[in-house]
Amino acid sequence: MSRRFLSIGECMVELSQAGDGLLRKGFAGDTFNTAWYARACLAADWSVDYFTALGDDAMSDEMLAFIDTSGIGTSLIRRIKGRTPGLYMINLKNGERSFSYWRDSSAARSLAADPDRLREAVESAAVIYFSGITLAILPHEDAETLLAEVRRAKAAGKLVVFDPNIRPRLWSSYDVMHTTISEGARSSVLVMPSFDDEAAHFGDDSIEATIHRYRALGAVDIVVKNGADGVTLNFAGEQTFVPAEKVKKVVDTTSAGDSFNGAFLARYLEAGDAPAAARFAAKVAARVVSEHGALVVREKLRLDGG
């Protein structure tokens, strides 16, 4: 089996406050963030690739170069004439963050519009990672195309990983959101939800209820993240709790879940020990939320001591 990790979704242009009325530009997005941390934590003999669609403008060129210099493969990224990447801005008021988005016509919304290219990407990988946001930005027929490909991958014995990452504003209705996220889980081997999302949008009254619902849909293994209250693992029916790492000062939680996912998968792929992978990922996530920004450089993660 190839040692290739494929992450599918949207990377966006990020504008954050830089002081004195200035904005700082960066690139981020949930599945890209996870790819970033997977690359930081995986051994060198693993390749990490990102599958998305970009435009033909200068910002798309810059984003592509950034992904490439991050050590993440770009060979399967589609370029679409006349399109541009999505953009979001982080707003700060009294220390609280809010977000403004411009993504309705982003090139990434067409990432699954070329089924042959999508199949080529999925078939080349041992691990396929996608999220509820990946599904939410796609037209219905393209979401169905992506789901069909990951179902095929699951049937072929590949590790298909899904983070529901529920964002109601991206969906046309609650019914569509519930149905499509459930299909994403049904198409996956490992599901990595956040309990606060599941409680708010699926009505789960306990972590056990979340585990039961996703297992009933066909997920083999489940990792339920619960912020400062730790992580609950259910692998092959065996349940384990791993506490969160203590953080002296939380600076930025933007990529807490994404970094946990990337670090967990990296360690799990190497050793096959889910509790140990969760303990490692909790340390990485704690270091990430202690720094500014979604993407924290490897040196600040102190992985050698992890």
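Sequence positions are assigned chain by chain, starting from 1 and proceeding in written order. A pLDDT threshold of at least 70 governs which residues receive local features in this predicted model, and a stricter bar of 80 or more applies before side-chain atom pairs are shown or counted, although totals over entire chains, interfaces and linings include all residues. To get the side-chain values, all heavy atoms of the structure are used, and hydrogens and water are removed first.

Naming follows an unreviewed UniProt entry, where the protein appears as Sugar kinase of Rhizobium beringeri. UniProt positions are given in the numbering used here, feature names are shortened, and annotations may be inferred rather than shown by experiment. According to its UniProt record, the protein has this under Sequence similarities (unreviewed entry): "Belongs to the carbohydrate kinase PfkB family."

Visitor: Would you mind going over the overall build of the protein in detail, with residue names and values included?
Guide: For helices the rule is a DSSP run of H or I covering at least 4 residues; for strands it is a run of E covering at least 2, with both sets numbered from the N terminus onward. Of the regular secondary structure elements, the protein holds 11 helices and 14 strands. Taking 306 residues into account, the globule formula puts the C-alpha radius of gyration at 19 Å, and the protein, at 18 Å, falls close to it. Taken across its 306 residues, the protein has 53% of its residues classed as buried. Long-range contacts, defined here as pairs at least 24 residues apart, represent 67% of the contacts in the protein between residues at least 6 apart. Between the averaged position of the 35 positive side-chain charges in the protein and that of its 41 negative side-chain charges there is a distance of 3 Å. The atom set for the radius of gyration is the C-alpha atoms, and the globule formula is 2.2 Å times the number of residues raised to the power 0.38. Only protein chains enter the accessibility calculation, which uses a 1.4 Å probe. A residue is then buried if its area is under 20% of the maximum for its type, exposed if over 50%, and partly exposed in between. Any two residues whose heavy atoms approach within 4.5 Å are treated as being in contact. We score Asp and Glu as negative and Lys and Arg as positive, and we do not count His or the chain ends. One atom stands in for each charge, and that atom is NZ of Lys, CZ of Arg, CG of Asp or CD of Glu.

Visitor: So, the side chain of Asn 261: which residues are in play, and what are the values?
Guide: Mapped onto the elements, Asn 261 comes out in helix 9 (residues 256-271). Leaving out residues up to four positions away in the same chain, Asn 261 has contacts with Thr 34, Tyr 129, Asp 163, Met 192 and Lys 225.

Visitor: Could you give me a rundown of the nonpolar core, with the residues and numbers involved?
Guide: Core analysis: the biggest nonpolar cluster contains 55 residues, and Phe 5, Leu 190, Val 223, Leu 233, Phe 260 and Phe 264 have the highest contact counts within it. In terms of residues, this core owes the most to one element, helix 10 (residues 274-288), which gives eight residues. If we ignore the near neighbours within four places in the chain, the residues touching Leu 233 are Ile 222, Val 223, Glu 238, Gln 239, Thr 240, Val 242, Phe 264, Ala 274, Pro 275 and Ala 278. One finds Leu 6, Ile 80, Ala 112 and Trp 171 within the second-largest nonpolar core, a separate group that totals 42 residues. We call a set of buried residues a nonpolar core when its members are Ala, Val, Leu, Ile, Met, Phe, Trp, Tyr or Cys and they connect through side-chain atoms within 4.5 Å of each other.

Visitor: Which residues make up the pairing of strand 12 (residues 221-225), and what values do they have?
Guide: Across the five residues that make up strand 12, a large majority, five, are buried. Pairing geometry for strand 11 (residues 190-191) and strand 12, over two bridges, is parallel. Each bridged residue has a counterpart across the sheet, and for Leu 190 the counterpart in strand 12 is Asp 221. Counted along the chain from strand 12 to the antiparallel partner strand 13 (residues 231-235), the turn is five residues long, and its residue Gly 227 has a positive phi close to 55°. In this analysis, strands are considered paired if DSSP registers two or more bridges between them.

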